[in-house]
Amino acid sequence: PVQIRIRGVEKTFAVGTQKIVALQDIDLDIRKGEFVCLLGPSGCGKSTLLNAVAGFQPPTKGTVAVDGRTITEPGPDRGMVFQEYALFPWMTVAQNVAFGLEIKGMSKPEIAGTVERLLEKLHLQDFRNRFPKDLSGGMRQRVAIARVLALDSPILLMDEPFGALDALTRRTLQDELLRIWEEVGKTILFVTHSIEESIYLADRIVVMTYRPGTVKRDVLVDMPRPRD
Ligand code: ADP
Ligand code: ADP
């Protein structure tokens with residue numbers, strides 16, 4: 001079934017007297033459990049579309065519906081991972097992962113159990129008491145992923161989460177993300193400008209194109225791939 005339904009989405013920004021058309025006529029359906037990569041050059045509108053789905057920046061025109069309900073703001077059904085690790089610098093790794101759970105009102109022992117499970121899943125056990133500034137970029141992204149998984153939202157929105165990592169770390173985290181995705185069965189919408197990364201990760205690649213003067217996106221690539 002379709003989980004995310006994007007219809008006629010347009011997004012314009014006013015910069016001074018200029019109008020920037022970041023998105024135009026976007027129609028896109030994402031099925032439950034799909035891993036979709038939004039691929040395109042820098043500036044083509046990927047982040048803008050992802051932010052519209054996240055509810056951070058509602059479209060100027062058109063609608064985004066999740067499970068049949070039009071969304072206009074962020075919600076617990078959609079978790080976001082950014083390129084720049086948006087961790088709380090004053091909290092340890094374990095506290096960062098626990099943060100969302102405290103807000104959800106989980107009991108202390110439940111939180112402890114969930115945090116433990118996620119630290120293990122992301123191979124962060126030995127880093128639990130470190131602060132973000134004392135972690136490598138890859139480790140910080142592991143924490144960001146653990147934290148978003150803690151929220152247990154059925155949809156993960158990821159904006160170039162591995163873009164700042166070296167090739168080897170990126171591949172390791174891609175593999176872990178695939179493993180987690182297969183395990184927990186989430187719907188993933190993943191923004192990248194890397195063709196290689198989208199081919200490696202996606203069930204389906206949505207290509208967004210950019211032409212100076214006009215903005216046009218029209219190519220969909222379906223690529224169901226065997227997974228064993
Ligand atoms: P990326 O290519 O990684 O998506 P960008 O540099 O395009 O990053 O955008 C980074 C952030 O800055 C985004 O949140 C975007 O909304 C914002 N942004 C991009 N272009 C502009 C602009 N011309 N004016 C104001 N904010 C912008
Ligand atoms: P991408 O993620 O593909 O790099 P973005 O979605 O960040 O592209 O940006 C798409 C277009 O919208 C760009 O021209 C960018 O400069 C513009 N843009 C994005 N965010 C803003 C903003 N907050 N204010 C003005 N222009 C923006």
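Scroll up for the structure.
Cut-offs and rules
Residues numbered from 1 in each chain as written. Chains lettered and ligands numbered in written order. Predicted model: local features only at pLDDT ≥ 70, side-chain atom pairs only at ≥ 80, totals over all residues. Heavy atoms only, no water. Buried < 20%, exposed > 50% of the residue type's maximum accessible area, 1.4 Å probe, protein only. Helix = DSSP H or I, 4+ residues; strand = E, 2+ residues; numbered from the N terminus. Pairing = 2+ DSSP bridges. Near = heavy atom within 4 Å. Polar contact = N/O pair within 3.5 Å; in protein donor to acceptor, adjacent residues only side chain to side chain. Areas by Shrake-Rupley, 256 points an atom, 1.4 Å probe, with all protein chains shown as cover. Disulfide = S-S within 2.5 Å. Contact = heavy atoms within 4.5 Å. Phe/Tyr/Trp six-rings, centres within 6.5 Å; stacked < 30°, edge-to-face > 60°. Lys NZ or Arg CZ within 6 Å of the ring centre and 35° of its normal.

A. Seen up close, the pairing of strand β6 (residues 78-81). Along β6, one buried face is formed by R78 and M80 and the opposite face, lined by G79 and V81, is buried too. Sheet topology note: the β6/strand β7 (residues 155-159) ladder contains four bridges and is parallel. Within β7, the residue paired with R78 across the bridge is I155.

B. Representation of unusual backbone geometry in the model. At H123, a residue that is not glycine, the phi angle is positive and equals roughly 55 degrees. If you trace the backbone, H123 turns up in the loop between α3 (108-121) and α4 (137-150). Even without a glycine there, the phi angle at E160 is positive, about 45 degrees. When you line up the elements, E160 lands in the loop between β7 and α5 (167-184).

C. Inspection of the site of ligand 2 at higher detail. Looking at ligand 2, the residues that line it are F13, V15, I20, A22, P41, S42, G43, C44, G45, K46, S47 and T48. Here an oxygen atom of ligand 2 and a backbone polar atom of C44 are 3.1 Å apart. A distance of 2.5 Å separates an oxygen atom of ligand 2 from a polar atom in the side chain of T48. The protein chains hide 64% of the 560 Å² of surface that ligand 2 would expose on its own. Within the residue set of the shell around ligand 2, elements represented by two or more residues are β1 (2-15), β2 (18-31) and α1 (46-54).

D. Fine view of the state of the cysteines. Applying the stated criterion across every chain, the model contains zero disulfides. The thiol sulfur of C37 is not disulfide-bonded, and the nearest other cysteine sulfur, from C44, lies at 13 Å. Looking at C44, the relative accessible area reads 0%, which means it is buried.

E. How the structure looks around helix α2 (residues 93-104). Regarding α2, the residues found buried are V93, A94, N96, V97, A98, G100 and L101. On its buried face, α2 sits against α3 and α4. Just downstream of α2 lies G105, where phi reads positive at about 80 degrees.

F. Spotlight on the side chain of R78. Considering the arrangement of structural elements, one finds R78 in strand β6. A residue is classified by how much of its surface remains accessible, and R78, at 9% relative accessible area, is buried. A distance of 2.9 Å separates the side chain of R78 from the backbone oxygen of A54, its partner in a polar contact. Within the local environment of R78, its side chain forms a polar contact with the side chain of D77, the two groups lying 2.9 Å apart. Other than its neighbours up to four places away in sequence, R78 contacts V53, A54, G55, V66, I71, E73, S153, I155 and L157.

G. Focus on the sheet that holds strand β5 (residues 69-70). Sheet architecture is open: four strands sit in the order β2-β1-β4-β5, paired in antiparallel fashion. If you trace the sheet from one side to the other, it starts and ends with β2 and β5, each paired once. Both strand β4 (residues 61-66) and β5 contribute to a ladder of two bridges, which runs antiparallel. From the neighbouring strand, V66 faces β5, where its bridge partner is R69.

H. Structural view of the pairing of β4. The pairing of β1 with β4 spans five bridges and is antiparallel. Directly across from E10, in β4, lies its bridge partner K61. The hairpin turn running from β4 into β5, its antiparallel successor, is two residues long, and D67 in that turn takes a positive phi close to 50 degrees.

I. The arrangement of the packing of aromatic side chains in detail. The final tally for this structure, using the stated rule, is six aromatic pairs. Aromatic side chains F162 and F190 sit 5.9 Å apart centroid to centroid with 55 degrees between the ring planes, which places their arrangement in the tilted category. In this pair, F162 sits in the loop between β7 and α5 while F190 sits in strand β8 (residues 187-192), placing the two residues 28 residues apart along the sequence. For F162, a relative accessible area of 0% gives the class buried. A relative accessible area of 0% means that F190 is categorised as buried. The structure contains a cluster of three or more aromatic residues connected by ring pairs, namely F35, F162, W181 and F190. Just above the ring of Y200 sits the side chain of R171; from NZ or CZ to the centre is 3.6 Å.

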